[in-house]
Amino acid sequence: MRTEKSAKGRASAAVMMLAIACAAGLPRIAGAETVLRIGMTAADIPRTLGQPDQGFEGNRFTGLTMYDALTMWDLSAADKPSVMIPGLATEWAVDDADRKKWTFKLRPGVTFHDGSPFNADAVVWNVEKVLKQDAPQFDPSQVGVTASRMPTLASARKIDDMTVELTTKEPDSFLPINLTNLFMASPSKWQKLFEAAEGADAKAKSQAAWGAFAKDASGTGPWKMSSFTPRERLELVKNDKYWNKDRIPKVDKMVLLPMPEANARTAALLSGQVDWVEAPAPDAVKEIKARGFALQSNEEPHVWPWQFSRVEGSPWNDIRVRKAANLCVDREGLKEGLLAGLMVPASGTFEPGHPWRGKPTFEIKYDKPAAQKLMQEAGFGPGKKLSVKIQTSASGSGQMQPLPMNEYLQQALAECYFDVQLDVIEWNTLFTNWRRGVKDPSANGANATNVTYAAMDPFFAMVRFLQSSMAPPVSNNWGYINNPKFDELVTKARQTFDPVARDAALAELHAASVDDAAFLYVAHDVAPRAMSPKVKGFVQPKSWFVDFSPISMTP
């Protein structure tokens, strides 16, 4: 289906003029230092205390900048998939006699921004900040965005100053990948803040210390916090003592500005108030290019879906309905019309050619007659529509253009006898609701949720959604999928340590999920970002993340 622009899209010119006027009020940075100013899609600065919120946009801007993890992603190339590489750990190995135990060798000579050393004690401290409830530094506010991303990690033990042992609840070949999400904050800095904090008891003092830490953070990353104004701006300066000399930033300062509305971001770029914007307004792409700005994009492992409720009474429990929805969407029409080419149509989490694609028998494509036939077999038709309710956001990390995209789906599915209601809420609230699940009152009666997901690793791509034990509050099985075949294949993949055999098991799992129409698969993001011609040296990797270190600014 090729649809006209929404009312919002038709009004974009007026909004653009207003946004330009508003953008003129943004402060300008003067002086000899080189500064990179970025307009984010987030409505607020992601949390800065070590475990960011706001999804992977938080990790991109306040995680990977100020902090490092034991393992990290290689973000240096645009023409090949990003792979996991050593970070603060130089090597690791699972114990062949007990595959629940891993040994990690740590990188020597690394210091936190406050000058304190990174060592095994720091690793144990950071594991316990999210796993050990009686640890002084335990912070419940960091648990949800961390523990759900490494659900099998049970404990950490110091072997010597530069060696730690990590133990999982069950054999888990995914652990090194999961650890890319555990950022190392400075225990010494936190301890000083804790000792100076006021509070009625240790728990209150701990919360006060984390609050103070967020305003004056200390990690080991290539960027250091310089200035922080919540909801307004975060200023980072280069860490010229960073342990990887090749990744010391080439600009002096990076300024992050929350700009959740696409037209406002675009206006700020065109008026010179920022140098870079995430997800520019699609209907402004021609103007952006015509005025000499660069538009960068690259297919990345990131999926824009509807995730279905599978609890008793859900309209999505009928596989004919799930398949009909997948067949009723003209993804090419969405791509070439509303999104100005800035997407890749999705026929699953992984496309043909990926080692985890497998051989699904259900072909996800645009076939409206087939969709209508399935709906009629399920008991619906022109005189009897199926009511469904989708919870989404108006903006947010990886959400692309969520409101107009969902309005497109609303119109498309209406032709296949669906009556789609939209429940539009704030992005960070939607993301929080994701782990609460469809049974929680926060779902507000919705039987589907629209939260995009990164697909860089097996856990993030499939396991957290498909395994029954990942239902809330453990992880992101929002709809309570409970499929014994999925569980069997997850266990098989997780306990397979040979890479080739593990890929084969993951391919089986993916094919099974597509054949079950586990999601409404719509699009793969291409991470469009527009930037001033002054921005040089940027590499757009095949990843949700970005390395800001190589970027320079011309006068």
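Please refer to the structure higher up on the page.
What comes next concerns the included structure. Each chain carries its own residue numbering, running from 1 in the written order of its sequence. Totals for whole chains, interfaces and linings use all residues, but because this is a predicted model, local features are given only for residues with pLDDT of at least 70 and pairs of side-chain atoms are given and counted only at 80 or more. Side-chain metrics rest on all non-hydrogen atoms present in the structure, leaving aside hydrogens and water.

Remarks on the sheet that holds strand 10 (residues 253–258)
Then, in step 1: The pairing criterion is simple: DSSP has to find at least two bridges between the two strands. Going along the chain from the N terminus, every DSSP run of H or I of four or more residues is numbered as a helix, and every run of E of two or more is numbered as a strand. With mixed pairing, seven strands are arranged side by side in an open sheet as 8-9-10-1-11-20-12. Of all strands in the sheet, those with a lone pairing partner are strand 8 (223–229) and strand 12 (294–296), marking the two edges. Averaged over neighbouring strand pairs, the angle between their axes works out to 20 degrees when direction is ignored.
Then, in step 2: As judged from the three bridges shared by strand 11 (residues 276–278) and strand 20 (residues 529–531), these two strands associate in the antiparallel manner. Paired with Val 277 across the bridge in strand 20 is Ala 530. For helices, the axis comes from a line fit to the C-alpha atoms of the stretch in contact; other axes are also lines fit to C-alpha atoms, and the angle between any two N-to-C directions lies between 0 and 180 degrees.

Examining the nonpolar core
Then, in step 1: Within the largest apolar cluster, 85 residues are counted, with the highest numbers of intra-cluster contacts made by Trp 306, Trp 316, Phe 418 and Leu 466.
Then, in step 2: Take this core: its biggest share by element is seven residues, from helix 16 (residues 458–466).
Then, in step 3: When near neighbours in sequence (up to four residues on either side) are disregarded, Phe 418 contacts Trp 316, Val 321, Ala 324, Ala 325, Met 375, Lys 385, Leu 386, Val 388 and Leu 413.
Then, in step 4: Grouping buried Ala, Val, Leu, Ile, Met, Phe, Trp, Tyr and Cys residues that are joined through side-chain atoms within 4.5 Å yields what is termed a nonpolar core. Three exposure classes are used, based on accessible area relative to the maximum for each residue type with a 1.4 Å probe and protein chains only: buried under 20%, partly exposed in between, and exposed over 50%. Residues Phe 61, Trp 125, Met 254 and Ile 551 belong to the second largest nonpolar core, which totals 34 residues. Whether two residues touch is decided by their heavy atoms; if any such pair falls within 4.5 Å, the residues are in contact.

Looking at the side chain of Gln 54
Then, in step 1: Structurally, Gln 54 can be placed in the loop between strand 1 (35–40) and helix 3 (55–63).
Then, in step 2: A relative accessible area of 2% means that Gln 54 is categorised as buried.
Then, in step 3: Beyond its immediate chain neighbours, meaning those up to four positions away, Gln 54 contacts Ala 42, Ala 43, Asp 44, Ile 45, Pro 46, Ser 397, Trp 427 and Asn 428.

Description of helix 13 (residues 368–377)
Then, in step 1: Turning to helix 13, its buried residues are Ala 371, Leu 374 and Met 375. Relative to the axis of helix 13, the buried residues are bounded by an arc of 100 degrees and lie together on one face. For helix 13, exposure combined with an orientation more than 90 degrees from the buried face picks out Pro 369 and Lys 373.
Then, in step 2: Turning to helix 13, the residues buried within the fold contact helix 11 (319–327), strand 15 (386–393) and strand 16 (418–425).
Then, in step 3: Just past helix 13, the residue Gly 379 takes up positive phi, approximately 100 degrees. Summarising the geometry, the arc corresponds to the directions from the helix axis toward the C-beta atoms.

Re the environment of Pro 533
Then, in step 1: Assignment of secondary structure puts Pro 533 in the loop between strand 20 and strand 21 (535–536).
Then, in step 2: Each C-alpha atom, one on Pro 533 and one on Phe 293, is 5.6 Å from the other, the two residues being 240 residues apart in sequence.
Then, in step 3: Setting aside residues up to four positions removed in sequence, Pro 533 forms contacts with Gly 292, Phe 293 and Thr 554.

A look at the environment of Gln 401
Then, in step 1: By secondary structure assignment, the location of Gln 401 is in the loop between strand 15 and helix 14 (402–414).
Then, in step 2: Classification of Gln 401 by relative accessible area gives buried; the value is 12%.
Then, in step 3: Placed 62 residues apart in sequence, Gln 401 and Leu 339 show a C-alpha to C-alpha distance of 8.1 Å.
Then, in step 4: Beyond its immediate stretch of four places on either side in the chain, Gln 401 contacts Ala 262, Ala 279, Pro 280, Pro 282 and Leu 339.
Then, in step 5: Definition of a polar contact: a pair of N or O atoms within 3.5 Å, with one able to donate and the other able to accept a hydrogen when the atoms are protein atoms, and with sequence-neighbouring residues admitted only if both atoms are side-chain atoms. A distance of 3.5 Å separates a polar side-chain atom of Gln 401 from the backbone oxygen of Pro 280.

Things to note about unusual backbone geometry
Then, in step 1: Geometrically, the link from Pro 472 to Pro 473 is a cis peptide bond, its omega value of 5 degrees lying close to zero.
Then, in step 2: Mapped onto the elements, Pro 473 comes out in the loop between helix 16 and helix 17 (484–494).
Then, in step 3: Of note, the phi angle at Tyr 417 is positive, near 75 degrees, even though the residue is not glycine.
Then, in step 4: Positive phi outside glycine occurs at Tyr 480, with the angle close to 60 degrees.
Then, in step 5: On the secondary structure map, Tyr 480 appears in the loop between helix 16 and helix 17.

A word on the pairing of strand 10
Then, in step 1: Extensive coverage of strand 10 is indicated by the burial of six of its six residues.
Then, in step 2: Where burial is concerned, the two faces of strand 10 agree: the one with Lys 253, Val 255 and Leu 257 and the one with Met 254, Leu 256 and Pro 258 are both buried.
Then, in step 3: Taken together, the six bridges between strand 1 and strand 10 define a ladder with parallel strand orientation. Paired with Val 35 across the bridge in strand 10 is Lys 253.

So, the state of the cysteines
Then, in step 1: In what follows, a disulfide is any cysteine sulfur pair within 2.5 Å. Under the criterion given, the structure shown has one disulfide.
Then, in step 2: Each sulfur of the disulfide joining Cys 328 and Cys 416 lies 1.9 Å from the other. One quick way to see it: the torsion about the S-S bond of Cys 328 and Cys 416 is about 90 degrees, and its sign makes the bridge right-handed. Taken together, the residues Cys 328 in the loop between helix 11 and helix 12 (331–336) and Cys 416 in the loop between helix 14 and strand 16 connect sequence positions 88 residues apart. Of the two residues, Cys 328 and Cys 416, neither departs from the other in class, the shared state being buried.

Some thoughts on the pattern of salt bridges
Then, in step 1: We define a salt bridge as a side-chain nitrogen of Lys or Arg found within 4 Å of a carboxyl oxygen belonging to Asp or Glu. Tallying each qualifying case throughout the model produces 22 salt bridges.
Then, in step 2: A salt bridge links Asp 252 to Lys 238, with the shortest nitrogen-to-oxygen separation between them at 3.8 Å. Here Asp 252, found in the loop between strand 9 (233–238) and strand 10, pairs with Lys 238, found in strand 9; they are 14 residues apart in sequence, far enough to count as distant.
Then, in step 3: A residue is classified by how much of its surface remains accessible, and Lys 238, at 29% relative accessible area, is partly exposed.

Observations concerning the packing of helix 17 against helix 18 (residues 499–515)
Then, in step 1: At a minimum axis distance of 8 Å, the contact between helix 17 and helix 18 shows a crossing angle of 160 degrees. Comparing the axis directions of helix 17 and helix 18 gives the class roughly antiparallel. Pair helix 17 / helix 18 crosses with left-handed handedness. Judged by residue contacts, Lys 485, Phe 486, Leu 489, Val 490, Lys 492 and Ala 493 of helix 17 engage Arg 502, Ala 505, Leu 506, Glu 508, Leu 509, Ala 512 and Ser 513 from helix 18.
Then, in step 2: Residues are grouped as follows: nonpolar covers Ala, Val, Leu, Ile, Met, Phe, Trp, Tyr, Cys and Pro; charged covers Asp, Glu, Lys and Arg; every other residue, Gly included, is treated as polar. Its residues placed into classes, the contact of helix 17 with helix 18 shows eight nonpolar, one polar and four charged. When an angle is under 35 degrees it counts as roughly parallel; over 145 it counts as roughly antiparallel; between 65 and 115 it counts as roughly perpendicular; any other value is oblique. Left-handed describes a crossing whose near helix is turned anticlockwise from the far helix through less than a right angle; right-handed describes the clockwise counterpart.

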